[in-house]
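Residues per chain are reported as follows:
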Amino acid sequence: MTATLPPTDADGRIAELREEIDACDAELIRLVQRRLAVSHEIGRLRRESGGTRLSLAREQQVIARFQDALGPDGAALGMMLLRQGRGRL
Ligand SMILES: C=C(O[C@@H]1C=C(C(=O)O)C=C[C@H]1O)C(=O)O
């Protein structure tokens, strides 16, 4: 059986939990920005040393990691992060 809270208590708890979600989102945004900067630096180093801009083998590993942890939506999230780092191909 689940306990029911009076609406005013529920409102207060929802407000608290939304603050937690806002903090998670802020952290995620910071991490995505950091990931993008690191990814660009690797791409620059690889190009400057005569390599290819992308590494498809590495991209498969990244997508597999997201898929294993989060399922199909995780794989989609991994692909969005990779796409963000690629910029114009
Ligand atoms: C960052 C790299 O370069 C590219 C970007 C990747 C990424 O954003 O994770 C992965 C593979 C590469 O296509 C890398 O090789 O690790």
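See the structure printed just above.
Residues numbered from 1 in each chain as written. Predicted model: local features only at pLDDT ≥ 70, side-chain atom pairs only at ≥ 80, totals over all residues. Heavy atoms only, no water.

### Considerations on the overall build of the chain
- The helix and strand tally for the chain stands at two helices and zero strands.
- Taken over C-alpha atoms, the radius of gyration comes to 19 Å for the chain, far larger than the 12 Å a tight globule of 89 residues would show.
- Expressed as lengths along the three principal axes of its C-alpha atoms, the size of the chain is roughly 65 × 25 × 15 Å.
- Looking at the chain residue by residue over its 89 residues, the buried ones come to 12%.
- Taking all contacts inside the chain whose residues are at least 6 apart in sequence as the whole, residues at least 24 apart take part in 46%.
- Carbon and sulfur atoms provide 58% of the accessible area of the chain, an area that totals close to 7500 Å².
- Where the 14 positive side-chain charges of the chain centre and where its 13 negative ones centre are 15 Å apart. (Helix = DSSP H or I, 4+ residues; strand = E, 2+ residues; numbered from the N terminus. Rg over C-alpha atoms; globule rule 2.2 N^0.38 Å. Buried < 20%, exposed > 50% of the residue type's maximum accessible area, 1.4 Å probe, protein only. Contact = heavy atoms within 4.5 Å. Areas by Shrake-Rupley, 256 points an atom, 1.4 Å probe, with all protein chains shown as cover. Lys, Arg positive; Asp, Glu negative; His and termini not counted. Charge placed at Lys NZ, Arg CZ, Asp CG, Glu CD.)

### Quick notes on the site of the ligand
- Taken together, Arg35, Ser39, Ile42, Arg46, Leu54, Ser55, Arg58, Glu59, Val62 and Leu82 make up the full set of residues adjacent to the ligand.
- At 2.8 Å, a side-chain N or O of Arg46 approaches an oxygen atom of the ligand.
- Taken by itself the ligand offers 360 Å² of open surface, and the protein chains cover 89% of this.
- Of all the elements in the fold, those that place two or more residues in the shell around the ligand are α1 (7-48) and α2 (56-86). (Near = heavy atom within 4 Å. Polar contact = N/O pair within 3.5 Å; in protein donor to acceptor, adjacent residues only side chain to side chain.)

### Some remarks on the environment of Ser49
- Structurally, Ser49 is set in the loop between α1 and α2.
- The class of Ser49 is exposed, set by a relative accessible area of 61%.
- For the pair Ser49 and Glu20, spaced 29 residues apart in sequence, the C-alpha separation works out to 43 Å.

### Regarding the pattern of salt bridges
- Evaluated as defined, the whole model comprises three salt bridges.
- Residue Arg13 pairs with Glu16 through a salt bridge whose shortest N-O separation is 2.6 Å. Residue Arg13 and its partner Glu16 are both found in helix α1; the two are separated by three residues, about one turn of the helix.
- The partly exposed category is assigned to Glu16, whose relative accessible area is 47%. (Salt bridge = Lys/Arg side-chain N within 4 Å of Asp/Glu carboxyl O.)

### Describing the packing of α1 against α2
- α2 packs onto α1 with a crossing angle of 65 degrees between their chain directions and a minimal axis gap of 11 Å. Classified by chirality, the crossing of α2 by α1 is right-handed. Across the interface between the two elements, Val32, Arg35, Leu36, Ser39 and His40 of α1 pack against Val62, Leu81, Leu82, Gln84 and Gly85 of α2.
- Looking at side-chain class alone, the contact of α1 with α2 contains five nonpolar, four polar and one charged residues. (Axes fitted to C-alpha atoms, helices over the stretch in contact; angles between N-to-C directions. Left-handed = near helix turned anticlockwise from the far one by under 90°. Nonpolar A, V, L, I, M, F, W, Y, C, P; charged D, E, K, R; others polar.)

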